[in-house]
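Analysis of the macromolecular model
Given next are the chains, with one letter for each unit.
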Amino acid sequence: MKNQEIAHIFTGIADILEIRGENPFRIRAYRRAAQNIEGLAEDVTGIHEAELKKIPGIGQDLADKIQEYIKTGHLVFYEKLKKEVPSGLVEMLHVPGLGPKTVKMLFEKIKIIAIDDLERLAKKGGLKGLPGIQKKTEDNILKGIAMIKRRTERSPIGHVLPVAEDILRKLKEGAPVKELSLAGSLRRWKDTVKDIDVLASSKDPEYVMHVFIRLPQVKEVLMKGPTKTSIITHEGIQVDLRVVEEGSFGAALAYFTGSKAHNIRLREMAVKRGLKINEYGVFNIKTGRKIGGRKESDIYKALKLDFVPPELREDTGEIEAAVYKRLPDLVELDEIRGDLHVHSKDSDGSLRIEEIIDEARKRGYQYIAVTDHSKSLGIARGMSKEQLLDQNKKILSFNKRLRGLRLLSGVEMDIKSDGTMDYPDEVLKKLDIVVASIHSGFRQSRAQLTKRLVSAMKNPHVTIIAHPTGRLIGEREAYEVNMEDILTTAKSTGTAIEINAYPLRLDLGDMYIKRAKELGIKLAISTDTHVAYQFDFMRYGVGIARRGWLGEKDVLNTYTYKELMKHCRVKQFKIRTTV
DNA sequence: GCCGTTTTCGGCCCGACTGTTTTCAGTCG
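All values derive from a computational prediction rather than experimental measurement. (Residues numbered from 1 in each chain as written. Chains lettered and ligands numbered in written order. Predicted model: local features only at pLDDT ≥ 70, side-chain atom pairs only at ≥ 80, totals over all residues. Heavy atoms only, no water.)

**Looking at the packing of aromatic side chains**
Note the cut-off: Two rings from Phe, Tyr or Trp (for Trp, the six-membered ring) form a pair when their centres are within 6.5 Å of each other. A pair whose planes differ by under 30 degrees is stacked, one over 60 is edge-to-face, and the rest are tilted. Strands are runs of DSSP state E lasting at least two residues, helices are runs of H or I lasting at least four, and both sets are numbered from the N terminus onward. Categorising residues by exposure relies on relative accessible area from a 1.4 Å probe, with only protein chains included: less than 20% of the type maximum marks a residue as buried, more than 50% marks it as exposed, and the intermediate range marks it as partly exposed.
A complete count under the given rule lists 9 aromatic pairs for this structure. Ring centres 6.5 Å apart and planes at 15 degrees place the aromatic pair Tyr30 and Phe77 in the stacked group. Within this pair, whereas Tyr30 is found in helix 2 (residues 24–38), its partner Phe77 is found in helix 5 (residues 76–84), the two being separated by 47 residues in sequence. Relative accessible area serves as the criterion here: at 4%, Tyr30 is assigned to the buried category. Residue classification places Phe77 among the partly exposed positions, given a relative accessible area of 25%. Taken together, Trp189, Tyr502, Tyr533, Phe537 and Tyr540 form an aromatic cluster joined through their ring pairs.

Take a look at the structure:
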């Protein structure tokens, strides 16, 4: 998939043009195009020129550049630019506090072309006296370089959200806030987030800030003003707090929730209607009169749009859908009726069946599947055929006594490197549910890996393909598969695809989920729980599902027990009659 | 460089904070 590469090149072009001080709108065009290509589920390689231009932000010129890169493997325009601007300057742009103007100045005045040189000089105090640079700026540049060396990368949402919720609780207790909410990518449930955005309304913003910078979580205060303050937590996560008046809370919430691309679209629409939108409200440009802003919905009403849930605000079609009243009714956490991927003590989990039952009851589930590892996965104490059949009997006997909850007898079956299944059909057919997944041979070719998943889906007993790309966010790249082939096979065989809610996985990712929905595939949101608290990962899975535009009907585990079992039988029938 | 409910040319989102300045440029989100 060349999407990432092309997005990377366009971003690189934008950086270089920025250093050269070129037309900001041209720069924005490259950035917007990069973002839209990156968010594409389809491989650009397979898209024809006429279709390329239908991607928002791609016109004739960028379509040509994309084609050139696909055909030749490089882009002459970019190669030329790179020769003119040293790569070290582009790196310097990533230092917080350093922007294109300063980088350009440093290059022109004292020929700095690398971060290391800049750091050495700043430490000696050699930057003072340059245009616009005195002691403070020099210190800030050093701080910025230190920060980039600590590498504050994006963190999985599952690591950041609990920190954010803790800060929210403390602010609610100790600060005079009226309304309080998370904003930014955290509120949009992105799989990874860079920082925590918090919005509050208050009559005494100064005091709110006073409380905020004294929270026990605070390691360092980056900046402090009456409406905007930023800190770094001990975990190294940046938290931005904005405080506004009550009458502006809705407008501010919309503004700070983003995404940036979504906001820009809203504001452009506003201008065309003679309105202005900022974080304080919606205003009539001519009269200056405020026509809304207390509630977030005011913004959408003013533009005659349906309310867009935060998870959809990425400018990937949600605005058009809001215009034509075609936004989906998104799946909710309380519509989930069960968890279809859970490990017990019988393989590498820590839970006894009794404990799994308790946890399911606590969450009001109708059913819960026990899906331990299969024999090939020795490292996870995978079960032999005999052990699996024993467990199956145990579950049947539990079910005789259970009321209002069904234990599903299942397995997480390894799809072996040669593409064969870990158990024969006569074993699988005794189970309620079979979750199949890849745990080995990640480095096989794209074709081989795709073939393994496809052959698993063609098995009549395989209900769900688990964590279909194998990615571990920040730790392991997804293995290479032809996702389009996998999704079309899922459709034709009636196999569901898992959205693994484990924070490091969140696999499928949102852009593929959206594509899966277009194809009419069912998705199962599962936690892959090994330890009790992990049942609560469900909310991350639901968040990502919502980002993929899923409604209740798209999600297999919103089905009742009866509907779920019927779904499995339909697949078995379908395969037997077509093979 | 993109794009079209005023437009195929001339627009293109908006404001807070910081530091270096005497009114503002640069950076960030």
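Resuming the write-up.
**Quick notes on the protein's contact with DNA strand B**
Cut-off, in case you're wondering: Note on definitions. A residue lies near a molecule or strand when any single heavy atom of the residue is within 4 Å of it. Polar contact criterion, stated in full: a pair of N or O atoms within 3.5 Å, where within protein one must be able to donate a hydrogen and the other to accept it, and residues adjacent in sequence count only if both atoms are side-chain atoms. Throughout, the ten residues Ala, Val, Leu, Ile, Met, Phe, Trp, Tyr, Cys and Pro are labelled nonpolar, Asp, Glu, Lys and Arg are labelled charged, and all others, Gly among them, are labelled polar.
Surveying the vicinity of DNA strand B reveals 47 residues, the closest of which are Gly59, Gly97, Thr102, Tyr255 and Arg267. One nitrogen or oxygen atom from the main chain of Gly97 is found 2.6 Å from a phosphate oxygen belonging to DNA strand B. A distance of 3.1 Å separates a phosphate oxygen of DNA strand B from a polar backbone atom of Lys228. For the surface near DNA strand B, the secondary-structure elements that each account for two or more residues are helix 2, helix 4 (60–72), helix 7 (100–110), helix 9 (135–150), strand 5 (218–224), helix 14 (260–272) and strand 8 (275–278). Looking at the surface near DNA strand B residue by residue, the classes come out as 17 nonpolar, 14 polar and 16 charged.

**Topic: a negative patch on the surface**
Defined as follows: In this analysis, a patch consists of residues with relative accessible area above 30% that form no salt bridge, clustered at 9 Å for like charges and at 5 Å for the nonpolar side chains Val, Leu, Ile, Met, Phe, Trp and Tyr. Methods summary: accessible areas were calculated by the Shrake-Rupley approach with a probe of 1.4 Å, and residue burial reflects only the protein chains presented. Any carboxyl oxygen of Asp or Glu that lies within 4 Å of a side-chain nitrogen of Lys or Arg is treated as forming a salt bridge with it. All tallies of charge rest on Lys and Arg as positive and Asp and Glu as negative; His and the ends of each chain are not included. By convention, charge coordinates are those of NZ in Lys, CZ in Arg, CG in Asp, or CD in Glu.
A contiguous patch of negative charge, built from Asp329, Asp334, Glu552 and Glu563, is present on the exposed surface. Here Asp334 shows up in the loop between helix 16 (318–323) and strand 11 (338–339). A residue is classified by how much of its surface remains accessible, and Asp334, at 69% relative accessible area, is exposed.

**Section: a positive patch on the surface**
Residues Lys393, Lys429, Lys430 and Arg576 make up a contiguous surface patch of positive charge. Mapped onto the elements of the fold, Lys430 is located in the loop between helix 19 (425–428) and strand 14 (433–437).

**A word on the layout of surface pockets**
Stated precisely, the cut-off is as follows: Residues are said to line a cavity or pocket when one of their atoms sits within 4 Å of a point; the points come from a 1 Å grid over protein atoms alone, cavities being sets where a 1.4 Å probe fits but cannot get out and pockets being open sets with protein on both sides within 12 Å along at least five of seven lines. Grid points are joined across faces, edges and corners, and a volume is the space filled by probe spheres set on the points.
In this model, the second largest pocket occupies a volume close to 230 Å³. Along its surface, the second largest pocket is lined by 13 residues, and Gly494, Lys522, His567, Val570 and Lys574 are the ones closest to its centre. Mapped onto the lining of the second largest pocket, the elements with two or more residues apiece are helix 21 (483–493) and helix 24 (561–578). The greatest single-element share of the lining of the second largest pocket, amounting to 6 residues, is contributed by helix 24. Here the lining of the second largest pocket is built from residues that sort into 3 nonpolar, 4 polar and 6 charged.

**So, the pairing of strand 17 (residues 523–526)**
A regular strand places its side chains so that they alternate between the two faces of the sheet. The test is simple: Only strands that DSSP links by at least two bridges are regarded as paired with each other. Note on handedness: a crossover is taken as right-handed if, strands pointing away from the viewer, the path from the first strand over the helix to the second is clockwise.
Alternating residues of strand 17 divide into Leu523 and Ile525 and Ala524 and Ser526, and every residue in both groups is buried. Here 4 bridges tie strand 16 (residues 496–500) to strand 17, and the two strands are oriented parallel to one another. Residue pairing for strand 17: Ile499 is matched across the bridge by Ile525. Considered for its hand, the β-α-β crossover made up of strand 16, helix 22 (residues 510–519) and strand 17 is right-handed.

**A word on the pattern of salt bridges**
Considering all chains together, one arrives at 43 salt bridges under this definition. Between Arg188 and Glu314 there is a salt bridge, with its nearest N and O atoms 2.8 Å apart. Here Glu314 lies in the loop between helix 15 (296–302) and helix 16 and Arg188 lies in the loop between helix 11 (184–187) and strand 3 (192–193), a separation of 126 residues in the sequence. Residue class for Arg188 comes out buried when judged on its relative accessible area of 8%. Note on Glu314: relative accessible area 16%, which makes it buried. The network of salt bridges with shared partners includes Arg20, Glu22, Arg26 and Glu84.

**Here we look at unusual backbone geometry**
Put simply, Gly258 and Ser259 share a cis peptide bond, and its omega is -10 degrees. Mapped onto the elements, Ser259 comes out in the loop between helix 13 (249–257) and helix 14. That bond from Asp507 to Leu508 is cis: its omega, 5 degrees, falls within 30 degrees of zero. Residue placement: Leu508 occurs in the loop between strand 16 and helix 22. Its identity is not glycine, yet Trp189 carries a phi of approximately 60 degrees, on the positive side.

**Quick look at the packing of helix 20 (residues 446–457) against helix 21**
Operational definition: Fitted lines through C-alpha atoms give the axes, limited to the stretch in contact for helices. The angle between two N-to-C directions lies from 0 to 180 degrees. An angle counts as roughly parallel when it lies under 35 degrees, as roughly antiparallel when it exceeds 145, as roughly perpendicular when it falls between 65 and 115, and as oblique in every other case. Contact criterion: two residues are considered in contact whenever any of their non-hydrogen atoms come within 4.5 Å of each other.
At a minimum axis separation of 9 Å, helix 20 and helix 21 run at an interaxial angle of 5 degrees. Taken together, the axes of helix 20 and helix 21 lie roughly parallel to each other. Facing Thr450, Leu453, Val454 and Met457 of helix 20, the residues of helix 21 in contact are Asp485, Ile486, Thr489, Ala490 and Thr493. A per-class count over the contact of helix 20 with helix 21 returns 5 nonpolar, 3 polar and 1 charged.

**Some details on the side chain of Thr450**
Tracing the backbone shows Thr450 in helix 20. Within the structure, the side chain of Thr450 is placed 2.9 Å from the backbone nitrogen of Asn482, a separation counted as a polar contact. Apart from residues lying up to four places away in sequence, Thr450 is in contact with Val481, Asn482, Asp485 and Ile486.

**A few points about the nonpolar core**
Our working definition: For this analysis, a nonpolar core means a set of buried residues of the types Ala, Val, Leu, Ile, Met, Phe, Trp, Tyr and Cys, connected via side-chain atoms within 4.5 Å. Domain limits in this description derive from either an automatic procedure or a database domain assignment.
Counting residues in each nonpolar core, the largest one holds 93 residues, and the members touching the most others are Ile196 and Ile497. Broken down by element, this core gets its largest block of residues, 8 residues, from helix 10 (residues 157–174). Each of two domains, domain 2 (155–244) and domain 4 (333–340 + 411–578), supplies a minimum of three residues to this core. Beyond its immediate stretch of four places on either side in the chain, Ile497 contacts Met457, Ile464, Ile465, Pro468, Ile486, Leu487, Ala490, Leu508, Ile521, Lys522, Leu523 and Ala524. The next biggest cluster of nonpolar side chains, apart from the first, holds 47 residues, and it includes Ile9, Tyr78, Leu98 and Ala122.

**Section: the side chain of Glu318**
Considering the arrangement of structural elements, one finds Glu318 in helix 16. We note that Glu318 is buried and unpaired, the nearest opposite charge coming from Lys514 at a distance of 6.1 Å. A distance of 2.7 Å separates a polar atom in the side chain of Glu318 from a polar atom in the side chain of His262. At 2.8 Å, the side chain of Glu318 forms a polar contact with the backbone nitrogen of Thr316. Setting aside anything within four residues of it in sequence, one finds Glu318 in contact with His262, Val308, Leu312, Arg313, Leu327 and Trp549.

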